Amino acid sequence: MKTVLVDTNILVSGVFFDGPEATLLDSRRPRLVTAEVCERELTQVAVRKSDAFGVSEEGAREMVGGALVDIDVVPAEKYGEMYDEAVEMVGEGNDGKVLACALTVEPDYFVTGDEDFHVEEVKGRVNVVRTQGVLEDL
């Protein structure tokens, strides 16, 4: 079974909007994983933008919880050792943590819309793709 690591922007789009990201999150074919930092970011974005998403803060939290039921969340301590290497490629902060997770998990696909990851240095280490690309491959 293929492993697909999904970034926060994919999670937000897939949880709150229709489209390819929702299709990916609803798919049962690949094993979906995300970094613990993405889980936290998703919850923060969902609560902060709940009005724009047309739901209450509680409703946003419930939607996030429901979406994460079928997604394996990789704990931060599992990918911490790769953080320094990731920082060299994308800088410090959440992007560094997400890339550290990708380097640790070594997924078949790392799905993100974040342009910071769509660079040759990162693509040389991880198969960075956009949502439509992974859907076509699967």
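Residues numbered from 1 in each chain as written. Predicted model: local features only at pLDDT ≥ 70, side-chain atom pairs only at ≥ 80, totals over all residues. Heavy atoms only, no water.

### Some thoughts on the pattern of salt bridges
All told, the structure shown has five salt bridges when counted by the stated rule. The shortest N-O distance in the salt bridge between Arg-28 and Asp-70 comes to 3.2 Å. You can see Arg-28 sitting in the loop between α2 (20-26) and β2 (31-35) and its partner Asp-70 sitting in the loop between α5 (57-68) and β3 (72-74), a full 42 residues away along the chain. Between Asp-72 and Arg-31 there is a salt bridge whose closest N-O contact spans 2.9 Å. Separated by 41 residues along the polypeptide, Asp-72 in strand β3 and Arg-31 in strand β2 bring together distant segments of the chain. Classification of Asp-72 as partly exposed rests on a relative accessible area of 36%. Among the residues examined, Arg-31 registers a relative accessible area of 35% and is labelled partly exposed. (Salt bridge = Lys/Arg side-chain N within 4 Å of Asp/Glu carboxyl O. Helix = DSSP H or I, 4+ residues; strand = E, 2+ residues; numbered from the N terminus. Buried < 20%, exposed > 50% of the residue type's maximum accessible area, 1.4 Å probe, protein only.)

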